[in-house]
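Chain residues, written in single-letter form:
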Amino acid sequence: MKIRVLNQQDMQKVFTMKEAIKAAGDALAMYSAGNTDIPLRANINVAEHGGNSLYMYGYAAPAQALGVKIVSVYSGNAAKGLPVVPATMVLLNSATGQVCALLDGTYLTRARTGAVAGAATELLARKDSKIFALIGTGGQAEGQLEAVLTVRPELEKVMVYSRNYEKASAFAKAMEEKYGEKFGVSITAAHSSEEAVKDADIITAVTTANNAVFDGTLTKKGVHINAMGSYTPDMAEIGEYTVTHANKIYTDTNEGVISESGDLIQPMEKGTFKESDVTGELGQLINGTVPGRESDDEMTLFESVGTAVLDIVTAQRIYERAEEMNVGSVIEL
Ligand SMILES: NC(=O)c1ccc[n+]([C@@H]2O[C@H](COP(=O)([O-])OP(=O)(O)OC[C@H]3O[C@@H](n4cnc5c(N)ncnc54)[C@H](O)[C@@H]3O)[C@@H](O)[C@H]2O)c1
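From a predicted model like this one, the values you see are computed outputs, not experimental measurements. (Residues numbered from 1 in each chain as written. Predicted model: local features only at pLDDT ≥ 70, side-chain atom pairs only at ≥ 80, totals over all residues.)

### Topic: the overall build of the protein
Per the secondary structure count, the protein includes eleven helices and 16 strands. Taken over the C-alpha trace, the protein has a radius of gyration of 19 Å; the compact-globule value for 333 residues is 20 Å, and the two agree within 12%. Looking at the 333 residues of the protein, the share that counts as buried comes to 50%. (Helix = DSSP H or I, 4+ residues; strand = E, 2+ residues; numbered from the N terminus. Rg over C-alpha atoms; globule rule 2.2 N^0.38 Å. Buried ≥ 20, exposed ≤ 12 C-beta atoms within 10 Å, placed from the backbone.)

### So, the site of the ligand
Taken together, 22 residues form the shell around the ligand, and within it Gly138, Gly139, Thr207, Ala209 and Gly306 come nearest. Of the residues that constitute the shell around the ligand, the class distribution is eight nonpolar, 13 polar and one charged. (Near = placed C-beta within 6 Å. Nonpolar A, V, L, I, M, F, W, Y, C, P; charged D, E, K, R; others polar.)

### Describing the packing of helix H2 (residues 17–32) against helix H3 (residues 105–124)
Packing of H2 against H3 brings their axes to within 8 Å, and their N-to-C directions diverge by 75 degrees. Judged by the inter-axis angle, H2 sits roughly perpendicular to H3. Together, Met17, Ala20, Ile21, Ala23, Ala24 and Gly25 of H2 and Ala111, Arg112, Gly114, Ala115, Val116, Gly118, Ala119 and Glu122 of H3 make up the contact between the two elements. Each residue belonging to the contact of H2 with H3 can be placed in one class, and the counts come to nine nonpolar, three polar and two charged. (Axes fitted to C-alpha atoms, helices over the stretch in contact; angles between N-to-C directions. Parallel < 35°, antiparallel > 145°, perpendicular 65-115°, else oblique. Contact = placed C-beta atoms within 7 Å.)

### Considerations on the pairing of strand S13 (residues 248–251)
Taking every second residue as pointing to the same face, both faces of S13 are buried, with Lys248 and Tyr250 on one and Ile249 and Thr251 on the other. Across four bridges, the pairing between S13 and strand S15 (residues 300–303) is parallel. Looking across to S15, one finds that Ile249 is bridged to Leu301. (Pairing = 2+ DSSP bridges.)

### Some remarks on the packing of helix H4 (residues 141–151) against helix H5 (residues 165–183)
Here H4 crosses H5 at 25 degrees, and the two axes come no closer than 12 Å. Here H5 runs roughly parallel to H4, going by the angle between their axes. Once H4 is placed against H5, the crossing between them reads as right-handed. In this structure, H4 uses Ala141, Glu142, Leu145, Glu146 and Leu149 to contact H5, whose residues at the interface are Phe171, Met175, Tyr179 and Phe183. Here the contact of H4 with H5 is built from residues that sort into seven nonpolar, no polar and two charged. (Left-handed = near helix turned anticlockwise from the far one by under 90°.)

### Concerning unusual backbone geometry
Although it is not a glycine, Gln64 sits at a positive phi angle of roughly 50 degrees. Tracing the backbone through its elements, the reader meets Gln64 in the loop between strand S4 (51–60) and strand S5 (65–74). Even without a glycine there, the phi angle at Asn326 is positive, about 50 degrees. Take Asn326: it is sitting in the loop between helix H11 (308–325) and strand S16 (329–332).

### Considering the domain arrangement of the protein
Parsing the protein into structural domains produces domain 1 (2–108 + 309–332) and domain 2 (124–306). Of note, the centres of domain 1 and domain 2, computed from C-alpha atoms alone, are 25 Å apart. Across the boundary between the two partners, domain 1 contributes ten residues, which contact 13 residues of domain 2. Here the element with the most residues in the side of domain 1 that touches domain 2 is H2; it accounts for eight residues. (Domains from an automatic or database assignment.)

### A short note on the environment of Ile44
Topologically, Ile44 is positioned in strand S3 (residues 42–46). Along the sequence, Ile44 and Tyr55 sit eleven residues apart, while their C-alpha atoms lie 8.4 Å from each other.

### Let's talk about H11
An ideal rise of 1.5 Å per residue puts 26 Å on 18 residues; H11 measures up with 26 Å between its terminal C-alpha atoms. Burial analysis of H11 places 13 of its 18 residues in the buried class, which makes it a mostly covered element. Where H11 ends, the next residue or the one after it, Asn326, has phi of about 50 degrees, a positive value. (Expected span 1.5 Å × (residues − 1).)

### Let's talk about the pairing of S5
Most of S5 is tucked away, with seven of its ten residues classed as buried. Note: S4 against S5, ten bridges, orientation antiparallel. Bridging from a neighbouring strand, Met56 pairs with Lys69 of S5. What sits between S4 and S5 in their antiparallel hairpin is a turn of four residues, with Gln64 showing a positive phi close to 50 degrees. Bridge count for S5 against strand S6 (residues 87–92) is six bridges, and the pairing is antiparallel. Within S6, the position partnered with Lys69 by the bridge is Met89.

### Things to note about the nonpolar core
In terms of nonpolar packing, the biggest core is built from 102 residues, with Ala24, Ala27, Leu103, Ala133, Val160, Ala200 and Val309 touching the most fellow members. Of the domains in this structure, domain 1 (2–108 + 309–332) and domain 2 (124–306) are the two that each give at least three residues to this core. Not counting residues within four places of it along the chain, the set of residues in contact with Val160 comprises Leu134, Thr137, Ala168, Phe171, Ala172, Ile187, Ala189 and Ala190. (Core = buried A, V, L, I, M, F, W, Y, C linked by C-beta atoms within 7 Å.)

### Some points on the sheet that holds strand S9 (residues 157–161)
The eight strands are arranged S10-S9-S8-S11-S12-S15-S13-S14 in an open sheet whose pairing can be described as parallel. Only two strands of the sheet have a single partner each, and these edge strands are strand S10 (186–189) and strand S14 (280–281). Relative to strand S11 (residues 202–205), strand S8 (residues 131–135) runs parallel, the two being bridged by four bridges. Counterpart to Leu134 in the pairing with S11 is Thr204. Contacting S9 and S10, H5 crosses the sheet at an angle of about 170 degrees to S10.

Structure below.
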């Protein structure tokens, strides 16, 4: 059995952000059309080592994509100089059931999480958007930035905010060097979230926060917001004001967001928001079964908790391209 092994450089060589955005949209469209089998993720607690191991798996028949992403959370790894969240994608040949590829799961997650926000932004943000506010400068932030710049190349300015100004400045400087000229955009750090969001046409929050990371009353009419960080009922980075004033709310998967994201669960528990206020899944919008933005004044919100369908479809497309181009190394078992 031959297994192709793809690291970050291999994946970047064969797959662009534009292709990742297309893969993310296609994956959610397949999911919302009912053409996929995505079980709930399995979680194994490895108590004696203070670790958790999560298995996110599924099958997307239209893409012939079958696989499992293994993501573990071992907080003690930091002291050993190892990644705290190691991740690997195992892809199978859907016709034979044999493992056909191993991919760097950390890079795959960054690419597909950026890409899904890119797909939402492409469909929902106003075409004349000029200013983008990015809140959070952690592992996911660069993918989020690259995806939004890819779908709205007319953007002129990016304001980056995180709790630590020095960290936000260093991130903004590195990103300006990498993407500033390519996309004709200035990328600078903001001293406050108010400064970042008040003129923004697009806002992405990608944080581990438990409370709103910006004041929703300050945002502009017609803003599009991507809420990427919250994935437990305790986490909420988008305040109640935004959730209850958004004209349209989309999810990556309704089931995942309604059961996991504190952004929506907390206002639901207070009785200020109900499940039927969700417009629908992004895949439904792509499939034309729910409406999209209907005026330049509407506020649109995309809520994401992540789903294995994004991993398997994106990984399959990367693998197919790597096979064609003979990139990566091949091991024999
Ligand atoms: N939707 C998805 O598919 C998906 C995929 C991967 C990760 N995530 C989630 O996205 C979040 C961010 O991931 P990451 O890998 O970048 O995490 P990270 O730990 O590397 O970075 C977290 C960032 O959040 C910022 N932050 C935390 N609290 C804040 C606050 N109150 N105000 C402002 N900023 C604050 C931190 O300063 C940091 O910049 C996590 O919750 C992660 O689980 C979602």
